[in-house]
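# Breakdown of the fold
Letter by letter, the chains look like this.
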Amino acid sequence: MNLEKIINNPKMPKHIAFIIDGNGRWAKKRGLPRSLGHKAGFDNLKKQTEFVQELGIKTLSMYCFSKENWNRPKQEVDYLMQLFDQMLDEYKKDYLAKDVKIVISGDMEDERIPSSVRQKAKELMALTKDRQGFVINACINYGGRQEIIKAVNEIIDEGLKNIDDRIFEQHLYTKDLLPLDFIIRTSGEQRTSNFLPWQATYSEWHFPKTYWPSFSKKDLIKALKIYMKRNRRFGAIKG
Ligand code: IPE
Ligand code: IPE
Ligand code: MG
């Protein structure tokens with residue numbers, strides 16, 4: 001794969017996101033329990049994260065667990081929480097000594113989340129908050145509507161009036177992140193499922209049919225090529 005040409009393309013996105021969907025169906029197709037689908041999904045997420053960084057993309061957001069995912073069987077939720085715990089340990093091991101900033105977007109005060117996960121998330125965010133390099137934004141216990149309501153409540157508490165976009169954004173989990181250019185949702189579902197609604201107003205979307213654990217580096221390159229062919233107009237016309 002000739003990556004140079006891709007990396008040096010001026011139309012490359014700076015901030016991309018993965019909605020990692022299809023872990024369960026990937027497992028079912030193979031006669032495996034859903035947990036093994038999640039395991040394969042999180043192994044792939046690690047691989048893809050490294051690749052995204054290699055491609056020179058500055059920020060990667062990923063949807064790992066939605067507010068609505070609490071409605072799944074306890075056993076599955078517990079397994080996912082265990083995977084997040086491991087993921088945060090790996091982040092610490094792999095990224096603490098490097099110029100990588102970790103943001104966890106989502107409600108980390110929620111006591112349904114194991115305290116070790118909440119603590120590790122807060123610690124990593126605090127330790128990496130001033131970094132300028134690659135940014136990983138993991139959305140865990142995230143809901144877009146809840147994020148907006150949280151921002152509104154903070155603004156009311158601060159007694160602010162006549163706010164603008166910029167002030168509103170300062171109250172979102174993503175406050176220091178670059179604009180979200182491109183969102184890839186695997187598995188063929190074509191919906192947002194409460195993912196970054198404010199941030200995605202002008203993002204480009206792509207819905208490959210592949211289940212997330214099978215989504216390969218080649219698939220990502222293909223997606224990026226599709227993105228780079230698009231004409232982002234932001235409501236304007238060429239003068
Ligand atoms: C991953 O895929 C999503 C989460 C990590 C919650 P799913 O678990 O939603 O897989 P499908 O959609 O059932 O196949
Ligand atoms: C969206 O996937 C949430 C995550 C990827 C974490 P879901 O599988 O939960 O979404 P729906 O239920 O198909 O909308
Ligand atoms: Mg799903």
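As a reminder, the structure under discussion sits directly above these lines.
Nothing here was measured: the structure is a model prediction, and the numbers come from that model. All residue numbers refer to positions counted from 1 along the written sequence of the respective chain. Think of it this way: whatever chain is written first is A, whatever ligand is written first is 1, and the rest follow in order. At least 70 in pLDDT is required for a residue's local features to be given in this predicted model, at least 80 for side-chain atom pairs to be given and counted, and no such filter applies to totals for whole chains, interfaces and linings, which use all residues. With hydrogens and water excluded, all non-hydrogen atoms of the structure serve as input to the side-chain values.

### What to know about the site of ligand 2
Our working rule: For each residue, the test is whether any non-hydrogen atom lies within 4 Å of the molecule or strand; if one does, the residue is near. Two N or O atoms form a polar contact when they lie within 3.5 Å of each other; inside protein one atom must be a possible hydrogen donor and the other a possible acceptor, and for residues adjacent in sequence the pair counts only when both atoms belong to side chains. Accessible areas in this description were obtained via Shrake-Rupley with a 1.4 Å probe; residue shielding takes into account the shown protein chains only. Secondary structure elements follow DSSP: runs of H or I of four or more residues count as helices, runs of E of two or more count as strands, with numbering from the N terminus. Here the term charged refers only to Asp, Glu, Lys and Arg, the term nonpolar to Ala, Val, Leu, Ile, Met, Phe, Trp, Tyr, Cys and Pro, and the term polar to all other amino acids, Gly among them.
Residues in close proximity to ligand 2 include Ile19, Ile20, Asp21, Tyr63, Cys64, Phe65, Ser66, Asn69, Arg72, Arg185, Arg191 and Ser193, which together make up its full environment. With respect to ligand 2, the side chain of Asp21 contributes an N or O atom lying 3.2 Å from an oxygen atom. The fraction of the free accessible surface of ligand 2 (390 Å²) that becomes covered by protein chains is 77%. Broken down by element, the shell around ligand 2 gets its largest block of residues, 4 residues, from strand 2 (residues 59-66). Of the residues belonging to the shell around ligand 2, the class tally is 5 nonpolar, 3 polar and 4 charged.

### Description of the site of ligand 1
Around ligand 1, a shell composed of Ile20, Asp21, Gly22, Asn23, Gly24, Arg25, Arg34, His38, Cys64, Asn69 and Arg72 is seen. Gly24 places a polar main-chain atom, nitrogen or oxygen, 2.9 Å from an oxygen atom of ligand 1. At a separation of 2.7 Å, an oxygen atom of ligand 1 approaches a polar side-chain atom of Arg72. Relative to its unbound accessible area of 380 Å², ligand 1 is 89% covered by the protein chains. Broken down by element, the residue count for the shell around ligand 1 peaks at 3 residues, all from helix 2 (residues 23-29).

### Points about the sheet that holds strand 2
As a reminder of what qualifies: If DSSP finds at least two bridges between two strands, the strands pair. Inter-axis angles, ranging from 0 to 180 degrees, are taken between N-to-C directions of lines fitted to C-alpha atoms, where helices are fitted over the stretch in contact. Residues are treated as being in contact if the distance between any of their heavy atoms lies within 4.5 Å.
Pairing is parallel across the open sheet formed by 6 strands, whose spatial order is 3-4-2-1-5-6. The open sheet has two edge strands, strand 3 (100-105) and strand 6 (204-206), and neither has a second partner. Averaged over all pairs of adjacent strands, the angle between strand axes in this sheet comes to 20°, irrespective of strand direction. Inspection of the sheet shows strand 1 (residues 15-19) paired to strand 5 (residues 182-185) by 4 bridges, in the parallel sense. In the strand pairing of strand 5, Phe18 is matched with Ile184. Helix 8 (residues 217-229) rests against strand 1, strand 5 and strand 6 of the sheet, and its axis sits at about 135° to strand 5.

### As for the state of the cysteines
Stated formally: What counts as a disulfide here is a pair of cysteine sulfur atoms lying within 2.5 Å.
Following the criterion strictly, the structure yields 0 disulfides and no others. As a non-bridged cysteine, Cys64 has Cys139 as the owner of its nearest cysteine sulfur, 7.1 Å distant.

### Quick notes on helix 6 (residues 144-157)
Put simply, the rule is: Given the number of residues in a helix, its expected span is that number minus one, multiplied by 1.5 Å. Whether a residue is buried, partly exposed or exposed follows from its accessible area with a 1.4 Å probe, protein chains only, as a fraction of its type maximum: under 20%, in between, or over 50%, in that order. The arc in question is formed by the directions pointing from the helix axis toward the C-beta atoms.
Its 14 residues give helix 6 an end-to-end C-alpha distance of 20 Å, which sits within 8% of 20 Å, the value for a rise of 1.5 Å per residue. Among the residues of helix 6, Gly144, Glu147, Ala151 and Ile155 are the ones counted as buried. Projected down its long axis, helix 6 carries its buried residues within an arc of 75°, all on one side. Of the exposed residues in helix 6, the ones pointing more than 90 degrees away from its buried face are Arg145, Ile149, Ile156 and Asp157. Downstream of helix 6 by a residue or two, Gly159 has a phi angle that is positive, lying close to 70°.

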